[in-house]
Amino acid sequence: MSERTAFMSQMVELLTSTVSFGERLSNMVHLLARFMKVDEALYFGLDKTKETLNLQISSRGALPGQPRLEFPLGQGVVGAAAKTRKPQMVHRDQEGVLLDNAPLEKIQPDFHTLAAFPVADDNFLYGVLLLIDTHLRTFTPSERQAVHLASLMLAATLRQGLLQEEAKKRIAELSVLFEVGKALSSTVELDDLLERVVSTTAKVINARGAALQIIDAETGETRVTSYYGQVPVAKLCPPLPSGGEASGSAEMPFLQGETSDAQGRIHYHLAVPLTFKRQLHGTLCVFDKIIPGGGPQPFDPENRQLMFTMAGLIVNALENALTYQQVETLAERNERMVRNLTVLQEVSQAMLTTVQEERLLDIIIQGLIQPSGLGFDRVQILEVDEASQTLRGRKGAQRPPDAPALPLSEVLFQPLAKELPTSEWQIPISPGLGAMAQAVLRMRPVHQHPSLPQSGAGAPWPSTFDAQEYFVVPLVVKDRATGVIVVDNQASGRPLEPEPLHVLQMLATQAALMLENAHLYSTIEANNRELMLIRERMLESDRLAALSSLASGMAHEIRNPLVSIGGFARRIAKLVEKDSPLRGYVEVIQEEVSRLEKLLREILDFTGENLSYFGDHDLSQLIEDTLPLLQRDLDACHIKVVKDLQPIPRIHCDDRQIKQVFYNLFQNARQAMHETGGTLTIRTYTQEREDGLYAAAAVSDTGGGIPLDVLHNIFNPFFSTKDYGTGLGLSIAQRIVARHYGHIEVKNELGRGVTFIVTLPIAKYCLVKDAGQGAALAGALNAPSGGRR
Amino acid sequence: MKKILVADDEMAIRLLYSEELKEEGYEVYTAANGREALEIIDSVPLDLVILDIKMPEMDGIEALRQIKERKPDLPVLLSTAYGEYKQDFATWASDDYLVKSSDLEDLKNAVRRHLKD
């Protein structure tokens, strides 16, 4: 018993020892052989196919060389023990034993007793333990149980070994995956990452080489992005299974194959597709699995599994990279947009702070040239001059070369550092006269590229404007171009980028509106000032009118009795004797009456009553008297005067007012011709009208005529196409003529000139039908008490 | 003897004018308004008319218009306390426009001038 106990304790020691798994097994087999006092103990292991049992361990140590000793399942005593999972014992002299177990003779040629014990645990057969003796042997039940226990321990050791191996493999895989995963989530460049995944895959699978092929999304071409080890060129792009694209199939697609090279050696490859978003993006491929000391091997399902895992990782990495790239592009675009919108918003806000045109222009220009704004080198703003149909320089500036980059919100309100003279800009707005005229006519931006022919050839271009490339954006308000903004980068030679130009266009829309507002505001302000003045004058004249109405009423009431008193006093004086004391009294009355009448005249003069100087006058003479007042102005404008003045009956009129009429008409003609020069023709004649004979005067100019759209306005007070003047000239003329019961007519010949015809009634030969209306008008214009009572 | 009509609503003026004109050797008729004046014009072959403007019933301007319609060649002088009617086209048909004054020399000169024609 003590011997068996020692054996058992030794076995247990081996079972729990830390020596290597193989060593433990052979020690156990050796120990068992010694304990059982047999010539030899062998261990046959069941191979992976579970069909064959291979000799793996011998208690005597060294194993015979190739071919290896093996028994198919069920054959010989070893095969039978494995198949039945029960101990088998035979003797040499039993029938068929020698035949069945012939291979054993290579180890023990004269074996006699063979006892085979299955090595198994509850659910798994690992192999068979065979005891060989050259003598006839039997085993006691105690001995059998010892062998059974030993075989159980062997099974346990084998199981442990298997598990350990499995665990090692799993750990290795896990650590690989962990490494790759770590790399994926790190900031490693995509190319490095793929390289690493490919090499790791090859190493884990023990492949001779591995390659990653990616399909270019744009061109559709396949290219190898990473490879490791030896990659047979012929096998670089194995055709992919069509299932690779239809990833819906339940089985994960893969491609496995073998080819033989020139030397007749067989090569294997295994490829898995990289798919994401239902699209094939490439393949991961490994070539020739190598086992130590052996040739190329086919790939097993575990390898495939790993390949799919790796493919998944690569897809993830690619997806991440793509997403990251997209996010980066988006972020970059966003950043630019935000910057541009910020510029737009800041300039807009700054523009809102003022209604003064000059300040607005400064803000706009600063926004365009500042480095923190849109950063153009040079900006010029031109405005449309409606009257002359030209683009005139309004304001321009250049960015000083050493401009510090200050925040836009600060710099917008600073005065322009390097203003440019703009007076040279004066471009007629007509097609073919350059990009600026074009922009106005089309009301669209014009980009003058350096490669295009300079379209301004022949235009009166300022000599200072030397840009090869520039951009013109029109300022459009209510379907009307009011000006243009011209930007260029000539100084630095940078090309004009599309994005700032885009922002410029948005800015121009708003700038146009703000400038128009400012313009309207200043017009309104000027009009308001004028209206205030007129209102004051009217109030003043109202007060005077009230006063003079009172005074003249009283004066008239007094005049009649005064005439009687004075008149009769004179009569009395004639009757009174020269030396009568009455004479002195009468003279006092006469003198006092004269004094009162003089006072009366002065009062009535003051109230305006007697200020009109109506009399009979020669119209031609009045015109002759008026012309010298303008002669110098006419000469200065190179206007020739042609007179055709006929003798006509005198008219009843206020000569000063009629002179005023002609003065205004001549002045108007001069203004129409002041740029071009021309001829002023004056003709007087008599004219028969329905109600009688009129004196007529025709005043013609050669100033091109009045545009049809303003023709109906010309007699309106304050209407003017000119920047100067009150717009009252023609209106006053018309009123004076109406007050004289005359007419004023316009003959407009577009492209040639205008003729004003003034007709005034010759009272003796004229019964003016609308005299009542005229009188009413005259009354309305003559403050105190016009009209008949 | 030349016949002159003086039309004025003020009796004192009528008296003054007729005294003065009679002294000058004219035959003088008087009327207190335009309507009376027209009646006399229709019945008497006059040589000259002196018209006040502001009169009741018919004023001098209306009277002037009717006189010129009936007798375009009969000289009519307007004699009024008001200066501003000079601008009224309706008064332009008169042969003279005189603002009243206690000194009647202007009036008498005008009468002489128009009767000579």
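Residues numbered from 1 in each chain as written. Chains lettered and ligands numbered in written order. Predicted model: local features only at pLDDT ≥ 70, side-chain atom pairs only at ≥ 80, totals over all residues.

- Looking at an unreviewed UniProt entry, chain B carries the name Response regulator, with the source organism given as Desulfobacca acetoxidans.

- The name an unreviewed UniProt entry gives chain A is histidine kinase, with Desulfobacca acetoxidans as the organism.
- Under the Catalytic activity (unreviewed entry) heading, UniProt states for chain A: "ATP + protein L-histidine = ADP + protein N-phospho-L-histidine." (UniProt positions renumbered as here; feature names shortened; annotations may be inferred.)

## Details of the overall build of chain B
Moving on, step 1. Broken down by element type, chain B carries 4 helices and 5 strands.
Moving on, step 2. Put simply, 58% of the contacts in chain B that link residues at least 6 apart link residues at least 24 apart. (Helix = DSSP H or I, 4+ residues; strand = E, 2+ residues; numbered from the N terminus. Contact = placed C-beta atoms within 7 Å.)

## Brief notes about the overall build of chain A
Moving on, step 1. When you go through chain A residue by residue, the secondary structure sums to 17 helices and 26 strands.
Moving on, step 2. Counting only residues that meet the buried cut, chain A has 33% of its 789 residues in that class.
Moving on, step 3. The contacts of chain A with a sequence gap of at least 6 include a subset with a gap of at least 24, amounting to 63%. (Buried ≥ 20, exposed ≤ 12 C-beta atoms within 10 Å, placed from the backbone.)

## With respect to the confidence of the model for chain A
Residue and element names in this part refer to chain A.
Moving on, step 1. Put simply, chain A has an average pLDDT of 81, and 87% of its residues get 70 or more.
Moving on, step 2. Ignoring residues within four places in sequence, the model shows residues 241-252, a span with pLDDT below 50, making 12 contacts including any to other chains.
Moving on, step 3. Taken as a whole, residues 769-789 scores under 50 in pLDDT and shows 46 contacts with residues more than four places along the chain or in a different chain. (pLDDT = per-residue confidence, 0-100.)

## What to know about the UniProt feature "modified residue: 4-aspartylphosphate" (unreviewed entry) in chain B
Residues and elements named next belong to chain B.
Moving on, step 1. The residues that UniProt annotates with the feature "modified residue: 4-aspartylphosphate" (unreviewed entry) are Asp-52.
Moving on, step 2. Here Asp-52 is to be found in the loop between strand S3 (48-51) and helix H3 (60-70).
Moving on, step 3. In contact with Asp-52, not counting residues within four places along its chain, are Ala-7, Asp-8, Asp-9, Gly-60, Ser-79 and Thr-80.

## A look at the pairing of strand S18 (residues 470-477) of chain A
Consecutive side chains along a regular strand alternate between the two faces of the sheet.
Residue and element names in this part refer to chain A.
Moving on, step 1. S18 sits mainly inside the fold: 7 of its 8 residues count as buried.
Moving on, step 2. Relative to S18, strand S17 (residues 446-448) runs antiparallel, the two sharing 3 bridges. Bridging across to S18, Gln-448 finds its partner in Tyr-470.
Moving on, step 3. Pairing of S18 with strand S19 (residues 480-488) involves 8 bridges; the strand directions are antiparallel. Looking at S19, one finds that Val-472 is bridged to Val-486. (Pairing = 2+ DSSP bridges.)

## Observations concerning the environment of A:Gln160
All names here are of chain A.
Moving on, step 1. By the secondary structure assignment, Gln-160 is in helix H5 (residues 141-185).
Moving on, step 2. With 14 C-beta atoms counted inside 10 Å, the residue Gln-160 sits in the partly exposed group.
Moving on, step 3. When the C-alpha atoms of Gln-160 and Phe-21 are compared, they prove to be 8.4 Å apart, with 139 residues separating the residues in sequence.

## Brief notes about helix H3 (residues 76-84) of chain A
Residues and elements named next belong to chain A.
Moving on, step 1. Within H3, 7 of the 9 residues are buried, which leaves it mostly tucked inside the rest of the structure.
Moving on, step 2. Of the residues making up H3, those classed as buried are Gly-76, Val-77, Val-78, Gly-79, Ala-80, Ala-81 and Ala-82.
Moving on, step 3. Arg-85 sits one or two positions beyond H3 and adopts a positive phi of about 60°.

## Here we look at the sheet that holds strand S4 (residues 88-91) of chain A
In sheet architecture, strand pairing relies on hydrogen bonds along the backbone and comes in two forms, parallel and antiparallel.
Residue and element names in this part refer to chain A.
Moving on, step 1. In spatial order, the strands read S3-S2-S1-S6-S5-S4; together these 6 strands make up an open sheet with antiparallel pairing. Two strands lie at the open edges of the sheet, namely strand S3 (70-72) and S4, each paired on one side alone. Between one strand axis and the next, the sheet turns by 25° as a mean value, whatever way the strands run.
Moving on, step 2. Inspection of the sheet shows strand S1 (residues 40-46) paired to strand S2 (residues 52-58) by 5 bridges, in the antiparallel sense. Bridging from a neighbouring strand, Leu-46 pairs with Leu-53 of S2.
Moving on, step 3. Set on the sheet, helix H2 (residues 21-36) makes contact with S1, S2 and strand S6 (125-133); between it and S1 the angle comes to about 140°.
Moving on, step 4. Relative to strand S5 (residues 113-120), H3 is tilted by about 30°, and along the sheet it contacts S1, S2, S3, S4, S5 and S6. (Axes fitted to C-alpha atoms, helices over the stretch in contact; angles between N-to-C directions.)

## Quick word on the sheet that holds strand S2 (residues 27-31) of chain B
Residues and elements named next belong to chain B.
Moving on, step 1. In spatial order, the strands read S2-S1-S3-S4-S5; together these 5 strands make up an open sheet with parallel pairing. The open sheet is flanked by S2 and strand S5 (96-99), the only strands paired with a single partner. Here the average twist between neighbouring strands, direction ignored, is 20°.
Moving on, step 2. As defined by bridge partners, S3 adjoins strand S4 (residues 76-80) across 3 bridges and the pair is classed as parallel. When the sheet's bridge partners are listed, Leu-51 is paired in S4 with Leu-78.
Moving on, step 3. On top of the sheet, helix H1 (residues 11-23) reaches strand S1 (3-7), S2 and S3; it is set at about 170° to S2, its chief contact.
Moving on, step 4. Seen against the sheet, helix H4 (residues 105-116) touches S1, S3, S4 and S5 and runs at an angle of roughly 170° to S5.

## Here we look at the pairing of S3(B)
Moving on, step 1. What you see with S3(B) is no split at all: B:Leu48 and B:Ile50 on one side and B:Val49 and B:Leu51 on the other are buried throughout.
Moving on, step 2. Handedness of the crossover is the feature at issue here: the chain leaves S3(B), passes through H3(B), returns alongside S4(B), and the resulting connection is right-handed. (Right-handed = clockwise from strand over helix to strand, strands pointing away.)

## Quick look at the packing of helix H2 (residues 34-43) of chain B against H3(B)
All names here are of chain B.
Moving on, step 1. Two elements in contact, H2 and H3, have axes separated by 9 Å at closest approach and are oriented at 25°. For the element pair H2 / H3, the angle class is roughly parallel. In the packing of H2 onto H3, the handedness of the crossing is right-handed. Facing H2, whose interface residues are Gly-34, Ala-37, Leu-38 and Ile-41, H3 presents Gly-60, Glu-62, Ala-63, Gln-66 and Ile-67. (Parallel < 35°, antiparallel > 145°, perpendicular 65-115°, else oblique. Left-handed = near helix turned anticlockwise from the far one by under 90°.)

## What to know about the packing of helix H6 (residues 190-205) of chain A against helix H7 (residues 301-351) of chain A
Residues and elements named next belong to chain A.
Moving on, step 1. It is the contact of H6 with H7, at a shortest axis distance of 11 Å, that shows an interaxial angle of 175°. The orientation of H6 with respect to H7, classified from their angle, is roughly antiparallel. For the pair H6 and H7, contact is made by Leu-190, Leu-193, Leu-194, Val-197, Thr-201, Val-204 and Ile-205 and by Asn-303, Leu-306, Met-307, Met-310, Leu-313, Ile-314, Ala-317 and Ala-321, respectively.
Moving on, step 2. Of the residues contributing to the contact of H6 with H7, the split by class is 13 nonpolar, 2 polar and no charged. (Nonpolar A, V, L, I, M, F, W, Y, C, P; charged D, E, K, R; others polar.)

## Thoughts on the nonpolar core
Moving on, step 1. Ranked by internal contacts, the top residues of the largest apolar core, which has 78 residues, are B:Ile4, B:Leu5, B:Ala7, B:Ala37, B:Val49, B:Ile50 and B:Leu51.
Moving on, step 2. Sorting elements by how many residues they give to this core places helix H14 (residues 655-673) of chain A first, with 8 residues.
Moving on, step 3. Excluding residues that lie within four positions of it along the chain, B:Leu51 makes contacts with B:Ala7, B:Ala37, B:Gly60, B:Ala63, B:Leu64, B:Val76, B:Leu78 and B:Ser79.
Moving on, step 4. In terms of nonpolar packing, the next biggest core, distinct from the first, is built from 52 residues, A:Ile363, A:Leu368, A:Leu496 and A:Val503 among them. (Core = buried A, V, L, I, M, F, W, Y, C linked by C-beta atoms within 7 Å.)

## A few points about unusual backbone geometry
Glycine aside, the phi torsion of most residues is negative, and most peptide linkages are trans.
All names here are of chain A.
Moving on, step 1. You will see that Lys-37, though not glycine, has its phi angle at about 55°, which is positive.
Moving on, step 2. With respect to the element layout, Lys-37 can be found in the loop between H2 and S1.
Moving on, step 3. Phi at Arg-85 takes a positive value of approximately 60°, unusual for a residue other than glycine.

## Observations concerning the environment of A:Leu63
Residues and elements named next belong to chain A.
Moving on, step 1. With respect to the helices, strands and loops of the structure, Leu-63 is situated in the loop between S2 and S3.
Moving on, step 2. With 21 residues separating them in the primary sequence, Leu-63 and Leu-42 have C-alpha atoms 9.9 Å apart.
Moving on, step 3. Every residue in contact with Leu-63, bar those within four places of it in the chain, is listed here: Leu-55 and Ser-58.

## Some remarks on the confidence of the model for chain B
Moving on, step 1. Across chain B, the average pLDDT comes to 89, with 98% of residues at or above 70.
Moving on, step 2. Our summary of model confidence lists the complex with pTM equal to 0.39 and ipTM equal to 0.88.

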